[in-house]
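Remarks on the overall topology
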Amino acid sequence: MPGPGLAGQAQTVLGPIAGEAMGITLPHEHLLIDFEVMFREPANGAERGLARQPVGLANLGWVRHNFSSNLDNLQLLDEVVARDEALLFKHAGGQTFVDPTNRGLARDPLALARVARATGLNIIMGSGYYVAAAHPPDMDRRSADDIARELVTDLTEGVDGTGVRAGFIGEIGTTWPWTDNEKKVVRAAVAAQRETGAALMIHPGRHERLPLTIVDFIRKEGADLGRTIMCHIERTIADPQVLLALAATGVRLEYDLFGLETSYYPYHPAFDMPNDGEGMRQILFLIERGYLGQILMSHDIAYKHCLTRWGGFGYHHLLVNVIPRLRAKGADDKIVQTLLIDNPRRAFAYA
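Residues numbered from 1 in each chain as written. Predicted model: local features only at pLDDT ≥ 70, side-chain atom pairs only at ≥ 80, totals over all residues. Heavy atoms only, no water.

**Overview of helix H5 (residues 144-156)**
For H5, built from 13 residues, the straight-helix expectation of 18 Å at 1.5 Å per residue is met to within 8% by its first-to-last C-alpha distance of 18 Å. The set of residues buried in H5 consists of Ile147, Ala148, Glu150, Leu151, Val152, Asp154 and Leu155. Residue Gly158 follows H5 closely and has a positive phi angle near 130 degrees. (Helix = DSSP H or I, 4+ residues; strand = E, 2+ residues; numbered from the N terminus. Expected span 1.5 Å × (residues − 1). Buried < 20%, exposed > 50% of the residue type's maximum accessible area, 1.4 Å probe, protein only.)

**A closer look at the sheet that holds strand E7 (residues 122-125)**
Hydrogen bonds between backbone groups are what pair the strands of a sheet, and the pairing can be parallel or antiparallel. The three strands are arranged E3-E6-E7 in an open sheet whose pairing can be described as parallel. The open sheet has two edge strands with one neighbour each: strand E3 (25-26) and E7. As paired elements, strand E6 (residues 96-99) and E7 share four bridges and run parallel to each other. From the neighbouring strand, Asp99 faces E7, where its bridge partner is Met125. (Pairing = 2+ DSSP bridges.)

**Considerations on the environment of Asn275**
Relative to the helices and strands, Asn275 resides in the loop between strand E11 (252-255) and helix H9 (276-288). Considering only alpha carbons, one finds Asn275 and Phe258, 17 residues apart in sequence, at a separation of 7.6 Å. Within the structure, the side chain of Asn275 is placed 3.1 Å from the backbone nitrogen of Gly277, a separation counted as a polar contact. Of note is the side chain of Asn275, whose polar atom sits 2.9 Å from the backbone nitrogen of Glu278. (Polar contact = N/O pair within 3.5 Å; in protein donor to acceptor, adjacent residues only side chain to side chain.)

**Regarding the sheet that holds strand E8 (residues 169-173)**
Ordered in space as E8-E9-E10-E11-E12, the five strands form an open sheet in which the pairing is parallel. The open sheet has two edge strands with one neighbour each: E8 and strand E12 (295-297). In this sheet, neighbouring strand axes are inclined to one another by 25 degrees on average, regardless of whether the strands run parallel or antiparallel. Where strand E10 (residues 228-230) and E11 come together, two bridges link them in parallel fashion. Residue Met230 lies in a different strand from E11, and its bridge partner there is Leu253. Sheet contacts for helix H7 (residues 210-221): strand E9 (200-203) and E10; angle to E10, the most-contacted strand, approximately 165 degrees. Packed on one face of the sheet, H9 meets E11 and E12 and runs near 160 degrees to E11. (Axes fitted to C-alpha atoms, helices over the stretch in contact; angles between N-to-C directions. Contact = heavy atoms within 4.5 Å.)

**So, the pairing of strand E2 (residues 15-18)**
Consecutive side chains along a regular strand alternate between the two faces of the sheet. Here four bridges tie strand E1 (residues 9-12) to E2, and the two strands are oriented antiparallel to one another. Bridge pairing in E2 links Ala10 to Ile17. Counted along the chain from E1 to the antiparallel partner E2, the turn is two residues long.

**Focus on the pattern of salt bridges**
As enumerated under the stated definition, the model contains 18 salt bridges in all. Note that Arg103 is salt-bridged to Asp154, the shortest N-O span being 3.7 Å. With Arg103 in the loop between E6 and helix H4 (109-119) and Asp154 in helix H5, this pair connects stretches of sequence that are 51 residues apart. Residue Arg103 is classed as buried on the basis of its relative accessible area, which comes to 18%. A salt bridge links Asp216 to Arg219, with the shortest nitrogen-to-oxygen separation between them at 3.8 Å. Here the residue Asp216 and the residue Arg219 both occupy positions in helix H7, the gap between them amounting to three residues, near one helical turn. With relative accessibility at 43%, the residue Arg219 sits in the partly exposed group. (Salt bridge = Lys/Arg side-chain N within 4 Å of Asp/Glu carboxyl O.)

**Focus on the state of the cysteines**
Counting across every chain of the model gives zero disulfides. Unpaired in terms of disulfides, Cys231 finds its nearest cysteine sulfur in Cys306, a separation of 16 Å. Under the relative-accessibility criterion, Cys306 is labelled buried at 12%. (Disulfide = S-S within 2.5 Å.)

**Section: the packing of H9 against helix H10 (residues 317-328)**
At their nearest, the axes of H9 and H10 sit 11 Å apart, and the two run at 60 degrees to each other. When the interaxial angle is binned, H9 and H10 end up oblique. Regarding H9 and H10, the two cross each other, and that crossing is right-handed. Along the contact surface, H9 presents Asp276, Gly277, Met280 and Leu284, while H10 presents His317, Val322, Arg325 and Leu326. Residues of the contact of H9 with H10, tallied by class, amount to four nonpolar, two polar and two charged. (Parallel < 35°, antiparallel > 145°, perpendicular 65-115°, else oblique. Left-handed = near helix turned anticlockwise from the far one by under 90°. Nonpolar A, V, L, I, M, F, W, Y, C, P; charged D, E, K, R; others polar.)

This is the structure we're talking about:
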């Protein structure tokens, strides 16, 4: 099993590396993904033509506001684009990408390996299943044990005979209301974590109390909460007391939507998406209360409009724009190193 054999190492698509070699790490980015499963036809008939236009300057404002309603925007499938955009992160000082694209979202282990070779960056690939809409047609018939065995194979032998091994479990998708098949996948993911010692990353459904419900569920299943990452905190939790309750469980709290500078959130229109400034405020709030060691920061880029080629901030946004602002708000060198280097290493290197 990976845990004992990879102690202190992270499993990348090109093989294991020392945890210390991870360096500055983005813990949640999609380099190559087909996200069509999240497509939503525009409600306004006059806008339906925009849904199938290529992303460009003429429609960029509309796409930014309605990013899940443009098919082209939901597809990052060009390895050359992935290479060029990833190099911006490298040139800003970055060294490692964690890519949680999994089955149902066009995960491509060999393509990720090619991007890793072309850029010299470390890429750690995920394993598992996203939300119910992305599940395979036979998910009703599959058992939790079947799914767990598949996850363990991805981690220990490689994905689909490629020999390219996943380095963590996730992102495991849930929705609200939480479906039975999603619960089954989470149960399987915990079983795989217990067997391998891999990190577990969970995408919570869009309800403020669901992350706590998930933590209670996985605790009963025997999960290692210290090696469990709860994604998308800023789009899920607005109540500081709920946030502190989640932090007190010991799970890692991932603020992974930096650069999505719009308050309108098409997946959950009733929720006002916080901007980068509010995300930083919440992180500093957690740090002041002793939770620095549990915080992860990323962009969760899965759309063309987030890349520099289409007018976005790119994978280097955190390094060139956010961290200088965080420093100006009082974050010292120790805090920055903990957020960018130490916390991701502790999250993804095997214990």
